[in-house]
Amino acid sequence: MKALVIASLALLGSASLQAAEVDQALVKQGEYLARAGDCVACHTAKDGKPFAGGLPMETPIGVIYSTNITPDKTGIGDYSFEDFDLAVRHGVAKNGSTLYPAMPFPSYARVNDADMQALYAYFMHGVAPVVRDNQDSDIPWPLSMRWPLSIWRWMFAPSVAPAAVAADSDPLISRGAYLVEGLGHCGACHTPRALTMQEKALSASEGSAFLSGSAPLEGWIAKSLRGDHKDGLGSWSEEQLVQFLKTGRSDRSAVFGGMGDVVVHSMQYMSDQDLTAIARYLKSLPANDPADQPHQYDKQVADALWKGDDSKPGASVYIDNCAACHRTDGHGYTRVFPALAGNPVLQSEDATSLINIVLKGGTLPATHSAPSTLTMPPFAWRLSDQEVADVVSFIRSSWGNQGAPVKAADVAGLRDGRLQSTSNDDLGNVIPRH
């Protein structure tokens, strides 16, 4: 009995020593990097425990489920660093199979070795273990076979290597590029994909398709982050971008759709220096349209509405349902209700996001530095397809906006829950949810 007690104490002492040897600074750094990568977004099911997986992700061939990445044996508890690195940066699971590219390993290939060590330390020592077996995909055979994914990975995934940095580059822009192209994997949503599902560019050096906007993702358009004024970030200042990333709102805009989760779970926790680096890097991306010009406000519609003239199609619907918050001049209210005049989201080729938010409404989430939650109600119950089409077309063409009109059929498709793109992009129905 005495020997058993001594052995038990020795074991406890050994465990305590191992815990003490964990580099807590490294764990803390890994936590920050996991926030930057927004790992919790995909690896946490609705109402589930953090990082325990189980979130369903729709793909063109069926539904896959995110995996448990907690340090339990049902997750990654028996992963060595080499196993962890192989999965995150190379897209290869511990059993040797290729991961679905819903896991953005093509972007994570740019993450450096030191940050990988910090991430591993965090997931092994900073995350609570959760017992939860991984769920098989709902993809029918033979499409469920994994070996074709290895061919896809061989063809489209980049080699794991740090991105080249020019000697004369701005260190802040270089840091922003590292975050955006790597851990932030912004291109996974904001870069268009080819028919074979790879992003058309993984970095700014690979062409103007990078961050030029995507087809619909679960009913939302991930807008262009390039320098175009009409539908990109040309009209945004660096300071406005930092404010938006940190709080989900700026002087003229507000977050919606999946980007709200990114702000809540990821961006609001990042340092001001890193947010500035991201903003400066994004502002360094040139416009794709060489003829792009800054928005010129046109007060003709505002004057007509002020005088009671609502004869323009959609104007009366706007007055009855939208003007109280967004005003007849389209300027909205600073950091409360976003401006519609000159808003690049409203002038993109595809009006899916605007139609969707009119139909379903949306909530501006609270953040640490902007604790108010503001909600736009849904209007699907109140407005017909034609009325929604009229008011969306009105908004897209008023106050100097240059968006094309939409049709009632475009609205009907989204009302019924079909991811129907309002542009001519055939990829609108085949891009998987990240």
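Quantities reported herein were computed from a predicted structural model and do not represent experimental measurements.

Rules of the game
- All residue numbers here refer to positions counted from 1 along the written sequence of the relevant chain.
- Residues qualify for local features only when their pLDDT is at least 70, as the model is predicted, and side-chain atom pairs are given and counted only at 80 or more; totals for whole chains, interfaces and linings, by contrast, use all residues.
- Based on all heavy atoms of the structure, the side-chain values leave hydrogens and waters out of the count.
- Residue-level confidence of the predictor is summarised by pLDDT, bounded by 0 at the bottom and 100 at the top.
- Under the DSSP-based scheme used, a helix requires at least four consecutive residues in state H or I and a strand at least two consecutive residues in state E, with every element numbered from the N terminus.
- When checking whether two residues touch, look at their non-hydrogen atoms; a contact exists if any pair is within 4.5 Å.
- Each residue is placed in one exposure class: buried if its accessible area under a 1.4 Å probe, protein chains only, is under 20% of its type's maximum, exposed if it is over 50%, and partly exposed if it falls in between.
- Like charges are joined within 9 Å and nonpolar side chains (Val, Leu, Ile, Met, Phe, Trp, Tyr) within 5 Å, but only among residues with over 30% relative accessible area and no salt bridge; these make up the patches.
- Surface accessibility follows the Shrake-Rupley procedure with a 1.4 Å probe radius. Residue values consider only the protein chains on display as shielding.
- Throughout this description, the term salt bridge denotes a Lys or Arg side-chain nitrogen within 4 Å of a carboxyl oxygen of Asp or Glu.
- A helix is expected to reach a length of 1.5 Å times the quantity of its residues less one.
- Within 3.5 Å is the distance limit for a polar contact, defined as a pair of N or O atoms, with the added protein rule that one can donate a hydrogen and the other accept it, and that residues adjacent in sequence qualify only through two side-chain atoms.
- Nonpolar cores were defined as sets of buried Ala, Val, Leu, Ile, Met, Phe, Trp, Tyr and Cys residues, with membership established by side-chain atoms within 4.5 Å.
- What counts as a ring pair is set by centres within 6.5 Å for rings of Phe, Tyr and Trp (its six-membered ring), and what kind of pair is set by the plane angle: stacked under 30 degrees, edge-to-face over 60, tilted for all other angles.

A look at the confidence of the model for the chain
Taken over all residues, the pLDDT of the chain has a mean of 88, while the share at 70 or more is 89%. By mean pLDDT, helix H1 (residues 2–21) is the weakest element of the chain at 50, and helix H6 (residues 113–125) is the strongest at 98. Below pLDDT 50 for its whole length, residues 7–17 participates in zero contacts with residues either more than four positions away or in separate chains. Overall, residues 423–434 carries pLDDT values under 50, and its contacts beyond four positions in sequence, including any with other chains, amount to 38 contacts.

A word on unusual backbone geometry
Here the amide bond leading from Trp-141 into Pro-142 is cis, since omega sits at 10°, within 30 degrees of zero. One can find Pro-142 in the loop between H6 and helix H7 (147–156). One non-glycine residue, Asp-47, lies in positive phi territory at about 65°. The residue Asp-47 is located in the loop between helix H3 (39–42) and strand S1 (56–59) in this model. Note on Asp-47: relative accessible area 77%, which makes it exposed.

Describing a nonpolar patch on the surface
Where nonpolar side chains cluster on the molecular surface, the patch consists of Trp-147, Ile-151, Trp-154 and Met-155 and spans about 540 Å² of accessible area. Position of Ile-151 relative to the elements: it lies in helix H7. Owing to a relative accessible area of 38%, Ile-151 belongs among the partly exposed residues under this scheme.

A few points about H6
For H6, spanning 13 residues, the distance from its first C-alpha to its last is 18 Å, which sits close to the expected 18 Å at 1.5 Å a residue. Within H6, the full set of buried residues consists of Asp-115, Met-116, Ala-118, Leu-119, Tyr-120, Ala-121, Tyr-122, Phe-123 and Met-124. The distance from a side-chain oxygen at the start of H6 to the backbone nitrogen of Ala-114 is 3.3 Å, and the residue carrying that oxygen is Asn-112.

A short note on the nonpolar core
Generally speaking, nonpolar side chains in soluble globular proteins are found buried as a group. In terms of nonpolar packing, the biggest core is built from 58 residues, with Phe-84, Leu-119, Phe-123, Ile-278 and Leu-282 touching the most fellow members. Listed by contribution, the elements that provide at least two residues to this core are helix H2 (24–36), helix H4 (81–90), helix H5 (105–108), H6, helix H8 (171–183), helix H10 (238–247) and helix H12 (272–283). Ranked by residues supplied to this core, first place goes to H6 with eight residues. Apart from residues lying up to four places away in sequence, Phe-123 is in contact with Ala-34, Cys-39, Phe-51, Ile-69, Pro-71, Ile-76 and Phe-84. Judged by nonpolar contacts, the second largest core, of 31 residues, contains Leu-305, Ile-355, Leu-383 and Ile-395.

Remarks on the environment of Arg-35
Mapping Arg-35 onto the fold places it in helix H2. Distance in space between the C-alpha atoms of Arg-35 and Tyr-269 is 7.0 Å, their sequence separation being 234 residues. Leaving out residues up to four positions away in the same chain, Arg-35 has contacts with His-265, Ser-266 and Tyr-269.

As for the packing of aromatic side chains
Applying the stated criterion across every chain yields a total of 14 aromatic pairs. Taking the centre distance of 6.3 Å and the plane angle of 80° together, the rings of Phe-51 and Tyr-122 count as edge-to-face. With Phe-51 in the loop between H3 and S1 and Tyr-122 in helix H6, this pair connects stretches of sequence that are 71 residues apart. We classify Tyr-122 as buried; its relative accessible area is 9%. Considering the side-chain rings of Trp-236 and Phe-244, the 5.2 Å spacing of their centres and the 85° angle between planes classify their relative orientation as edge-to-face. Just as Trp-236 is buried, Phe-244 falls in that class too. A connected cluster of aromatic rings, assembled from ring pairs, spans Phe-51, Phe-81, Phe-84, Tyr-120, Tyr-122 and Phe-123.

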